[in-house]
Amino acid sequence: RTKTMIYIAWFVLIFAASRFLVVCVNFLSPLYLKKTTEVNEEKLSVLIPARNEAHNLPRLIKEIDAQHYENMEIVVYNDQSDDDSEIVLKALQLKYARLKVLHAENLPEGWTGKNHACYQLAQYATGDYFLFLDADVQVKGALFQNAVSFMKKNALKLLSVFPQQDIKTLGEKLTVPLMNWILLSLLPLILVQKSKQKSLAAANGQFMLFDAATYRQNQWHQKLKSSLVEDIEIIRLMKSRKFNVATLLGNNDVVCRMYNNYNEGVHGFSKNVIQFFGNSSFAAVGFLIVVLSGFLFILLSLSVKHLLIYLVLVIGIRIFIALKSKQSLMWNLLLHPLQMLVFMTIVMRGMIVKRKRQYQWKGRNIKQ
């Protein structure tokens, strides 16, 4: 046992305890939208960037229309889809009077597809609030009323919600839970709203609700037009400019099946995993080494008692995150070792994406 090994072992144990404390804070924090009886009269623009989403759009538009938010417009940006989106949208427009459709003609140099779609949607929208919603999201209950009420009550300029994840296949169980496992063990989400530090920020582009006046003045998607992780960068930029923002978790009211298999999960998370660690490959790899092999340092340098404490902390982290995220506790515990190996794959691929500054999604090569 060298002193260096002992110091590393103690660092691993203290880091696990710190993460467990963060998880406890998140578990006890009010991170779900509260139900309200208020009827908000402000106009809501629901803005959907859609590329090859013909299979999702009929369901989503039906769910949005059923929200019973009276003063609302629905705008879909058909982003050069090569599936049946145009045909599907024409049929939907005949059924839903509030639905408007924009069709992309080209993608200008220097823009990523989604950022340009969101920018175009915002230029067309006429609401007091802009809700950018991904086409694979499911909306239920009185989500829109609750979200707008939360915005008004807390004087927010941006509210982002991490949807509850609908996880079905084994490949999804190996990849999708990693998002909240990282998020809820490293960042007390309550501090996104309470702290002025821009580093204490996270957002999910699947659900981004903006105060429209502030958006029009700042044109957030245009400012970050080449970003692959515009959601995180937008909320950090807004915090740096002293705007009030908040990030919450979905609670059966907003649900998403983010990816359909293992390959989609690894590919999707690879584009933003480094960014979550402050765009530092060093920090991402350091975190990977600690969570993947930290137990070995404790086993070789400290006592069995310390190893047991470490394992209890690791298991506790998984239990509380699974419960708060409304995910399967059994699967997350059983698959934890395999998920750590998958996480290694995602970090390695994320470093390649960062170095090449190029990424492919839905048939497009995206350069940063």
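All of these numbers come straight from a predicted model, not from anything done at the bench.

Draft legend 1. Layout of the packing of aromatic side chains. Throughout the structure, instances matching the rule amount to 17 aromatic pairs. Between tryptophan 181 and phenylalanine 343, the aromatic rings sit 5.5 Å apart at their centres with planes inclined by 80°, giving edge-to-face as the arrangement. Highlighted residues: tryptophan 181 in helix α7 (residues 177-186) and phenylalanine 343 in helix α17 (residues 336-356), separated in sequence by 162 residues. Looking at phenylalanine 343, the relative accessible area reads 1%, which means it is buried. With centroids separated by 5.8 Å and ring planes inclined at 85°, the aromatic side chains of tryptophan 220 and phenylalanine 243 adopt a geometry described as edge-to-face. Placement of the pair is tryptophan 220 in helix α10 (residues 220-223) and phenylalanine 243 in the loop between α11 (230-240) and β9 (245-249), with a sequence separation of 23 residues. Assessed through its relative accessible area of 0%, tryptophan 220 is described here as buried.

Draft legend 2. Layout of the sheet that holds strand β5 (residues 137-139). Read across the open sheet, the 3 strands follow the order β5-β10-β7; overall the sheet is mixed. The two strands at the open ends of the sheet, each matched to only one other strand, are β5 and β7 (164-165). Inspection of the sheet shows β5 paired to strand β10 (residues 254-256) by 3 bridges, in the antiparallel sense. In the sheet register, valine 137 faces β10, and the bridge partner there is cysteine 256.

Draft legend 3. Just the pairing of strand β2 (residues 72-78), in detail. Among the 7 residues in β2, 7 count as buried, and that is most of the element. Going residue by residue along β2, you find Met72, Ile74, Val76 and Asn78 tucked away on one face and Glu73, Val75 and Tyr77 tucked away on the opposite face as well. Examined bridge by bridge, strand β1 (residues 44-50) and β2 share 7 bridges and lie parallel to one another. Pairing of leucine 47 across the sheet is with valine 75, part of β2. One ladder, built from 5 bridges, connects β2 with strand β3 (residues 99-103); its direction is parallel. Residue pairing across strands places valine 75 opposite lysine 100, the latter belonging to β3. As for the winding sense of the linkage, the β-α-β connection from β2 through helix α3 (residues 85-95) to β3 is right-handed.

Reading the values: the criteria
- Residue numbers run consecutively from 1 along every chain, following the written order of its sequence.
- With pLDDT at 70 or above as the cut-off, local features in this predicted model cover only qualifying residues; side-chain atom pairs require 80 or more to be listed or tallied, and sums for whole chains, interfaces and linings still use all residues.
- Note: side-chain values were computed over all heavy atoms of the structure, leaving out hydrogens and water.
- Two aromatic rings, drawn from Phe, Tyr or Trp (for Trp, its six-membered ring), form a pair once their centres lie within 6.5 Å of each other, and the interplanar angle then sorts them: stacked below 30 degrees, edge-to-face above 60, tilted otherwise.
- Secondary structure elements follow DSSP: runs of H or I of four or more residues count as helices, runs of E of two or more count as strands, with numbering from the N terminus.
- A simple rule labels every residue: compare its accessible area, found with a 1.4 Å probe on the protein chains alone, to the largest value its type can have, and call it buried under 20%, exposed over 50%, or partly exposed in between.
- If DSSP finds at least two bridges between two strands, the strands pair.
- Classification remark: right-handed applies to a crossover when, strands pointing away from the viewer, the course from the first strand over the helix to the second runs clockwise.

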